[in-house]
Amino acid sequence: MSRLLAPTDPADATAIEASLELAAERGGDLAPAVYARLFAREPQMQALFWRDTSGAIKGEMLAKVFEAIFDFIGPRIYAHHLIETEVITHEGYEVPRAVFATFFGIVAEVVRETCGADWTPAMDGAWRRLLTDLDHYVAQRGRAAA
Ligand code: HEM
């Protein structure tokens, strides 16, 4: 059983939402930047997307990640469970658990860089805390845990 964390502080949620809106406005589709960085840092991940010749799977996956972040910082209805189950589902794709944490960190970096000069200390703190909380659920041991 997972130990549940407290919900995201509403001030942090506001800062994260503002950063995501700004990044979407400035950068449009963040998928190319996110995956380029993922594959530069974790080159063995690129081949796992061999079926994704159009980029649709990568795009949809990132869209699901953003949706999950919005749920996680808001009502947190499903996102924490989704992370735990996707970590296990993805073991079937040969995606190591540690890469999940890397991936969330890369999303944060790309959002920060896309916000540029409008990135605020409040956004910085809020994202740091968000990544720590997401890591908590990535690190859960899953179904077979003793
Ligand atoms: C919370 C984080 C993530 C979510 C919500 C997510 C979601 C998804 C979804 C919905 C799919 C489509 C197939 C399915 O339903 O299982 C998928 C496929 C895949 N994901 Fe993720 N994913 C996440 C993180 C990652 C990470 C960190 C990697 C590392 C590279 C990754 C690699 C893959 C691969 C290789 C596929 C298979 C593509 C194929 O169908 O050929 N995912 N993911």
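As the structure is a prediction and not an experimental result, all values here were calculated from the model.

**Student:** How do you make sense of helix H2 (residues 31-41) when you look at a structure like this?
**Tutor:** Side chains that are three or four residues apart share a direction in an α-helix, a result of its 3.6 residues per turn. For H2, every residue scored as buried is listed here: Val-34, Tyr-35 and Leu-38. Buried residues of H2, viewed axially, fall in a sector of 90 degrees; they line one side. Packing partners of the buried residues in H2 comprise helix H3 (56-73) and helix H5 (97-115).

**Student:** I tried to follow the packing of helix H1 (residues 10-27) against helix H6 (residues 121-138) on my own but got confused; where do I start?
**Tutor:** Helix-helix packing: each pair is described by the crossing angle between the helix axes and the interaxial distance. Where H1 contacts H6, the axes come no closer than 8 Å and their chain directions differ by 105 degrees. If you check the angle between H1 and H6, you find them roughly perpendicular. Every residue of H6 that contacts H1 at Asp-12, Ala-15, Ile-16, Ala-18 and Ser-19 is listed here: Ala-122, Met-123, Ala-126, Trp-127, Arg-129 and Leu-130. Its residues assigned to classes, the contact of H1 with H6 shows eight nonpolar, one polar and two charged.

**Student:** Would you take a moment to explain H6 for this structure?
**Tutor:** Its 18 residues place the ends of H6 26 Å apart at the C-alpha level, agreeing with the 26 Å of an ideal helix rising 1.5 Å per residue. Those residues of H6 not exposed but buried are Met-123, Ala-126, Trp-127, Leu-130, Leu-134, Tyr-137 and Val-138. Down the axis of H6, the sector holding all buried residues measures 115 degrees, keeping them to one side. Opposite the buried face of H6, by more than 90 degrees, sit the exposed residues Pro-121, Arg-128 and Thr-132. On its buried side, H6 packs onto H1, H3, helix H4 (79-91) and H5.

**Student:** What is the right way to look at the site of the ligand in this model?
**Tutor:** Inspection of the region around the ligand gives 20 residues, with Met-45, Leu-48, Arg-51, Met-61 and Phe-103 positioned closest. Broken down by secondary-structure element, the contributors of at least two residues to the shell around the ligand are H3, H4 and H5. Grouping the constituent residues of the shell around the ligand by class yields 14 nonpolar, two polar and four charged.

Each value, and the rule that gives it
Residues numbered from 1 in each chain as written. Predicted model: local features only at pLDDT ≥ 70, side-chain atom pairs only at ≥ 80, totals over all residues. Buried ≥ 20, exposed ≤ 12 C-beta atoms within 10 Å, placed from the backbone. Helix = DSSP H or I, 4+ residues; strand = E, 2+ residues; numbered from the N terminus. Arc of directions from axis to C-beta. Contact = placed C-beta atoms within 7 Å. Axes fitted to C-alpha atoms, helices over the stretch in contact; angles between N-to-C directions. Parallel < 35°, antiparallel > 145°, perpendicular 65-115°, else oblique. Nonpolar A, V, L, I, M, F, W, Y, C, P; charged D, E, K, R; others polar. Expected span 1.5 Å × (residues − 1). Near = placed C-beta within 6 Å.

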